[in-house]
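Now for the letters of each chain:
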Amino acid sequence: MNEKERIRRAKNGDQAAFEELVSAYEKKIYNMGLRYTGSQQDALDICQEVFLRLFRFIGQFNEASSFSTWLYRIAVNVCKDTIRKKQKVVELSFEVEDEEGNYEVEVSDLRYNPEDSVQRRELRHQILHAIAELPEKYREIIILRDINGLSYEEISRCLELEEGTVKSRISRAREKLRVFLSKTGNFSEETQSKKEERGGFA
Amino acid sequence: MTPCDEYIIKMNQYLDGELPDREVADLFEHIEQCGDCRCRFESLRVISAQIRELEEYPPEELHSSIMAGIKKEQSRSSSCRRRTVGTVSAIAACALIAVALFSGVLPGLSPWLLFDNAENSNGASRLAENMDMAPAPESAESPAQQAADAVWQAVGEKAQENAMENETVQEGQLFPNSLLSPGSKTETEQLPMDGQVFVLPALQTSETFAAYCIVTGTGVLPEIFEPGAVIEYPDYGEIYIVVENDDAGFQAAREALQAAGFTIWEQVENLPKTDPSSERCLIVIFAQ
């Protein structure tokens, strides 16, 4: 049974088909909630709420549109609600800026050897921390792109943004991560231009 | 904007598989020439690859707890449906009212409840299926008749006579075709409602609501609604309530209305377009 058929059946009250939709998406939604809130308990609650909404509203889903985008839109909304309820007032570490801000001019090199498992673990830890600290608008776009694997077009429909905005916001978000990581030590402090002064990239 | 800015966006597009082929060569030419961009590209590549590896397995109990929540919801809504069996035909009244309401008034909303004849029997039998009831009006003498009466009281006496004279109710079909046929003038002319209700400022927008809840019944409204959220049209027997799209809004409203003796209609076909991410839901109460 393909997804379209599954959705059609679920709309008509087929419980097994509905459960298959849950199985197909629960991991993605869980990870989305986890990265959005940084809390496992919140991620579990988010999953529950998203699938309850799916259950209530699936009858109103228009089969001509993309189911995953529709579901992720619900999920984004539930995540935002959860964060709003927790009233996290201050977002530290990053300055919130609009899409027009400048990129860092000095680019530091990456000090990362993928063969080294300690380094890999350390980087993973730092990236988790960096994502958690991103302002919401950057965090959500990174989640949709890199965790949920949505295309730019799907993200633009999911977040109701122009595709051009999606493009530049992803770029800004990764830039913020990169700068954050270079400040926390995963990227060497030595910048490219200094290295060039010294002669060569080796 | 520095000359590199454009390439920074492009390298992200490239990493996401979103850069058009024809622009790839130009990007790499720049990366070859620009040390900062080369360095940045390498970092971005590692970062995005690492994020993609962050995916974690959810705890084992996640699936079962989701499904338990769904089953709870299911039993709640099916008990609500069972309660409404006796007045199932009232949905036909809603259909008629809606036909009169929306024809030519707000094109965006006009599909609401406009069953065409082909879909009608499907919609009706699916509704019947969902309500666990046998859709055979002519065999069930009194409940069907009572239900029909309820409909016609809302719609007008003359329409009742017309329809009862002219229509034979087919087996497996809850409503006579004319009841649901938008083209049928006799009935719509009898309606005490018109399109005025949606000319209210609050509802005049083409706002897409997250969900619609169709309610029938009379009684005292629960006192949980924000001032201004309830728009009453006693002359037309209609009440509109705008609520927040969350459990405290929509779900609480449904439960409160049910507790106050109103009937919630699940599975209403052909509602206007909805958008689950919208922040507001619309409740429409048709007084009977």
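Since we're looking at a predicted model, the values are computed, not measured.

Q: What am I meant to see in the overall build of chain B here?
A: Along its length, chain B carries 12 helices and five strands. Within chain B, the fraction of its 288 residues that count as buried is 52%. Counting contacts in chain B only where the partners sit at least 6 residues apart, residues at least 24 apart contribute 80% of the total. As displayed, chain B offers around 13,500 Å² of accessible surface, 49% of which is attributable to carbon and sulfur atoms.

Q: For this particular structure, what's the right way to read the pattern of salt bridges?
A: Close approach of charged atoms allows side chains with opposite charge to pair. Counted under the stated rule, the structure contains 30 salt bridges over all chains. The residue Arg-73 of chain A makes a salt bridge to Glu-160 of chain A at a minimum N-O spacing of 3.3 Å. Highlighted residues: Arg-73 of chain A in helix α4 (residues 67-86) and Glu-160 of chain A in the loop between α7 (152-159) and α8 (163-183), separated in sequence by 87 residues. Among the residues examined, Arg-73 of chain A registers a relative accessible area of 15% and is labelled buried. By relative accessible area, which is 59% here, Glu-160 of chain A ends up exposed. We note a salt bridge from Glu-140 of chain A to Lys-80 of chain A, for which the minimum N-O separation is 3.1 Å. A residue pair is termed long-range when its members are at least 10 positions apart, and Glu-140 of chain A in helix α6 (residues 136-147) and Lys-80 of chain A in helix α4 qualify at 60 residues. Each of Glu-49, Arg-53, Asp-81 and Arg-84 of chain A together with Glu-279 of chain B takes part in one network of salt bridges that share partners.

Q: Before we go on, may I ask you to explain the side chain of Asn-77 of chain A in this structure?
A: Along the chain, the position of Asn-77 of chain A falls in helix α4. Ignoring any residue separated from it by four or fewer positions in sequence, one finds Asn-77 of chain A in contact with Arg-53 of chain A together with Pro-276, Ser-277 and Ser-278 of chain B.

Q: What is the right way to read the packing of aromatic side chains from this model?
A: Two numbers describe a pair of aromatic rings. These are the distance of the centres and the angle of the planes. Scanning the model with the defined rule gives 11 aromatic pairs over all chains in all. Centroid distance Phe-57 of chain A to Phe-250 of chain B: 6.4 Å. Interplanar angle 35 degrees. Geometry classified as tilted. Placement of the pair is Phe-57 of chain A in helix α3 (residues 40-57) and Phe-250 of chain B in helix α12 (residues 247-259), with the two residues belonging to separate chains. This pair shows no difference in class: Phe-57 of chain A is buried, exactly as Phe-250 of chain B is. Taking 6.0 Å as the distance between ring centres and 35 degrees as the angle between the ring planes, the aromatic pair formed by Phe-67 of chain A and Trp-70 of chain A counts as tilted. One end of the pair, Phe-67 of chain A, and the other, Trp-70 of chain A, are both in helix α4, three residues apart, so they sit about a helical turn from each other. The structure contains a cluster of three or more aromatic residues connected by ring pairs, namely Tyr-25, Phe-61, Phe-67, Trp-70 and Tyr-72 of chain A. Taking the ring centre of Tyr-57 of chain B as reference, the NZ or CZ of Lys-27 of chain A above it sits at 3.9 Å.

Q: Quick question: what am I supposed to make of the packing of helix α2 (residues 15-37) of chain A against α6 of chain A here?
A: Residue and element names in this part refer to chain A. Packing of α2 against α6 brings their axes to within 10 Å, and their N-to-C directions diverge by 155 degrees. In terms of orientation, α2 and α6 fall into the roughly antiparallel class. For the element pair α2 and α6, the recorded crossing hand is right-handed. Contacts between α2 and α6 involve Lys-28, Asn-31, Met-32, Arg-35 and Tyr-36 on the former and, on the latter, Glu-136, Arg-139, Glu-140, Ile-143, Leu-144 and Ile-147. For the contact of α2 with α6, the per-class residue count stands at five nonpolar, one polar and five charged.

Q: Where do I start with the pairing of strand β3 (residues 238-244) of chain B in this structure?
A: Here is the key point about a regular strand: its side chains alternate between the two faces of the sheet. All names here are of chain B. Within β3, six of the seven residues are buried, leaving the element largely enclosed by the surrounding structure. Both β3 and strand β5 (residues 280-286) contribute to a ladder of seven bridges, which runs antiparallel. Across the sheet, the residue bridging to Ile-239 is Ile-285, located in β5.

Q: So what exactly am I meant to see when it comes to α3 of chain A here?
A: Two residues of an α-helix separated by three or four positions point the same way, owing to the 3.6 residues in each turn. All names here are of chain A. Under the 1.5 Å per step criterion, the end-to-end length of α3 is 26 Å for 18 residues, consistent within 8% with the ideal 26 Å. Most of α3 sits inside the fold, with 13 of its 18 residues counted as buried. Regarding α3, its N-cap is Ser-39, as a side-chain oxygen of that residue lies 3.3 Å from the backbone nitrogen of Gln-41 further along.

Analysis parameters
- Residues numbered from 1 in each chain as written.
- Chains lettered and ligands numbered in written order.
- Predicted model: local features only at pLDDT ≥ 70, side-chain atom pairs only at ≥ 80, totals over all residues.
- Heavy atoms only, no water.
- Helix = DSSP H or I, 4+ residues; strand = E, 2+ residues; numbered from the N terminus.
- Buried < 20%, exposed > 50% of the residue type's maximum accessible area, 1.4 Å probe, protein only.
- Contact = heavy atoms within 4.5 Å.
- Areas by Shrake-Rupley, 256 points an atom, 1.4 Å probe, with all protein chains shown as cover.
- Salt bridge = Lys/Arg side-chain N within 4 Å of Asp/Glu carboxyl O.
- Phe/Tyr/Trp six-rings, centres within 6.5 Å; stacked < 30°, edge-to-face > 60°.
- Lys NZ or Arg CZ within 6 Å of the ring centre and 35° of its normal.
- Axes fitted to C-alpha atoms, helices over the stretch in contact; angles between N-to-C directions.
- Parallel < 35°, antiparallel > 145°, perpendicular 65-115°, else oblique.
- Left-handed = near helix turned anticlockwise from the far one by under 90°.
- Nonpolar A, V, L, I, M, F, W, Y, C, P; charged D, E, K, R; others polar.
- Pairing = 2+ DSSP bridges.
- Expected span 1.5 Å × (residues − 1).
- Polar contact = N/O pair within 3.5 Å; in protein donor to acceptor, adjacent residues only side chain to side chain.

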